[in-house]
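Spelled out, the chains give:
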Amino acid sequence: MEIKENLLGYSLSSLEDFFKKINEPKFRAKQLLQWIHQKGVLDFNEMTDFNKPLRERLDSIAYILPPIIEEIHKSPEGTIKYLIKLDSGSMVEMVRIPEKKRMTLCISSQAGCALQCTFCATGAQGFEKNLTADEIIGQVWLANFNDKNELPITNVVFMGMGEPLLNFRPVIESAKIMKDQLGYGLSRKRITISTSGITPQIDKLPDEIDVSLAISLHAPINELRDELVPINKKYPINMLMKSCNDYLDKYEGKRNITIEYVLIDGVNDSPELARQLAKLLSGVYCKINLIPFNPFDGSNYKRSNNTNISNFKNILMDKGFITTLRITRGDAIDGACGQLVGKLTKSVKGKKLISHRSI
Ligand code: SAH
Ligand code: SF4
């Protein structure tokens, strides 16, 4: 017997291949994409522009199914954290972060993570599995269609559990559905892939999809970065910077990247390191996002104090870098069930608000 296919994670071109395989016209792919991702319909029998024989045929060879929301935790400020249960039994988390003009969803790409950054609660859990494309886009689907009282998602950040560039194909496939005008219609600026610096995949990314890129740097020198982000031993800072510059060159100066830097007390927050960071990034078209370390059980690190944070920020700003500081939100839900927290990035000028979430 044929194994049934879950069509939730199929981009337009994958759906076109699917319909070609079953000798149906190409335009069915467009119709189906809209039914699933614009109307939120999962049952073929409700797809009224499909004739009955087609609906029955689809039912016998395919299905459309998102993962399950196991728990919902709401913080008083409006951040909502969802615990999502996958088919395998693994749990991942996604966070909805409302802002004035945006509704950002922070999604997971892997259950756990193999990279073991020393400041990260997901890293401490170890790696469980790569999410499939349907499990990734399923998070966006659930956030848009599961709770009709909530506003639709306007921005998606791959800043939940896992390293997105180590789950490349499913991440790209799901991001294509997010961008597609017949899917969620999000522009490239509204989708951010955050990476710890997997250089071969950064190099490949522009050939696959045009989205925003964030690099989790956290240290300007190898000795320190090797300790905080162990994957640095494989892809050291000079390799990472080369990939960033090549990436920017491919877009001929029309893009920038975000550099993320978690500030840990006494570890990577000295004025000297701020100056070294500025030197490393000189000439790289980027903005810097400082993230005060978010403590979690079992970690000995502490969040940098406010004086060190503002000194660090001021040094970067004096050197001409656009530097934002992420402000913690959603502590109430964090305390309730784990390590994920809603974050709000407030620009130093207090004008621009960028939403993020960290672990
Ligand atoms: N694996 C990817 C994406 C997920 S982590 C990456 O590393 O970029 C998303 C962001 O949260 C990263 O910038 C990461 O450095 C940050 N982060 C992880 N643990 C954190 C903590 N305890 N406090 C603050 N930020 C953290
Ligand atoms: Fe993995 Fe990112 Fe956490 Fe590092 S910071 S362990 S890459 S999820």
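Residues numbered from 1 in each chain as written. Chains lettered and ligands numbered in written order. Predicted model: local features only at pLDDT ≥ 70, side-chain atom pairs only at ≥ 80, totals over all residues. Heavy atoms only, no water.

**Description of the overall build of the chain**
Piece 1. When helices and strands are counted, the chain shows twelve helices and 16 strands.
Piece 2. Considered along the principal axes of its C-alpha atoms, the chain spans approximately 70 × 45 × 40 Å.
Piece 3. When burial is assessed residue by residue, the chain has 59% of its 359 residues classed as buried.
Piece 4. Residue pairs at least 24 apart in sequence account for 63% of intrachain contacts in the chain once pairs closer than 6 positions are excluded.
Piece 5. Taken as a whole, the chain presents about 15,600 Å² of accessible surface, with 50% of it coming from carbon and sulfur. (Helix = DSSP H or I, 4+ residues; strand = E, 2+ residues; numbered from the N terminus. Buried < 20%, exposed > 50% of the residue type's maximum accessible area, 1.4 Å probe, protein only. Contact = heavy atoms within 4.5 Å. Areas by Shrake-Rupley, 256 points an atom, 1.4 Å probe, with all protein chains shown as cover.)

**Description of the nonpolar core**
Piece 1. Ranked by internal contacts, the top residues of the largest apolar core, which has 109 residues, are Leu32, Phe119, Met178 and Ile257.
Piece 2. The element best represented in this core is helix H5 (residues 133-145), accounting for seven residues.
Piece 3. The contact partners of Leu32, leaving out residues within four places of it in the chain, are Leu7, Leu15, Phe19, Phe44, Met47, Phe50 and Ile64. (Core = buried A, V, L, I, M, F, W, Y, C linked by side-chain atoms within 4.5 Å.)

**Section: the packing of helix H1 (residues 12-21) against helix H2 (residues 27-37)**
If you want to describe how two helices pack, look at the angle between their axes and the distance between the axes.
Piece 1. The N-to-C vectors of H1 and H2 enclose an angle of 125°; their axes lie 8 Å apart at closest approach. Between H1 and H2, the interaxial angle falls into the category oblique. You can see that H1 and H2 cross each other, and the crossing is right-handed. Seen from H1, the contacting residues are Leu12, Leu15, Glu16 and Phe19; seen from H2, they are Arg28, Ala29, Lys30, Leu32 and Leu33. (Axes fitted to C-alpha atoms, helices over the stretch in contact; angles between N-to-C directions. Parallel < 35°, antiparallel > 145°, perpendicular 65-115°, else oblique. Left-handed = near helix turned anticlockwise from the far one by under 90°.)

**Observations concerning the domain arrangement of the chain**
Piece 1. Its domain assignment divides the chain into domain 1 (5-63) and domain 2 (68-349).
Piece 2. Taken together, the contacts link 16 residues of domain 1 with 14 residues of domain 2.
Piece 3. Between domain 1 and domain 2 the total buried area reaches about 1,300 Å² when both faces are included, carbon and sulfur atoms providing 61% of it.
Piece 4. The tally of links from domain 1 across to domain 2 stands at zero salt bridges. (Domains from an automatic or database assignment. Buried area = accessible area lost by both parts, 1.4 Å probe. Salt bridge = Lys/Arg side-chain N within 4 Å of Asp/Glu carboxyl O.)

**Observations concerning the pattern of salt bridges**
Piece 1. For the structure on display, the rule yields 13 salt bridges.
Piece 2. A salt bridge links Lys52 to Glu56, with the nearest nitrogen and oxygen atoms 3.2 Å apart. On the criterion of helical spacing, the pair formed by Lys52 and Glu56 is a turn pair, its members being four residues apart in helix H3 (residues 52-61).
Piece 3. The exposure class of Lys52 is exposed, given its relative accessible area of 53%.
Piece 4. In this structure, Arg188 engages Asp210 in a salt bridge whose closest nitrogen and oxygen atoms are separated by 3.9 Å. Of the two residues, Arg188 sits in the loop between helix H6 (168-179) and strand S10 (191-195) while Asp210 sits in the loop between helix H7 (199-208) and strand S11 (212-216), which places them 22 residues apart along the sequence.
Piece 5. Its relative accessible area of 25% is what places Arg188 among the partly exposed residues.

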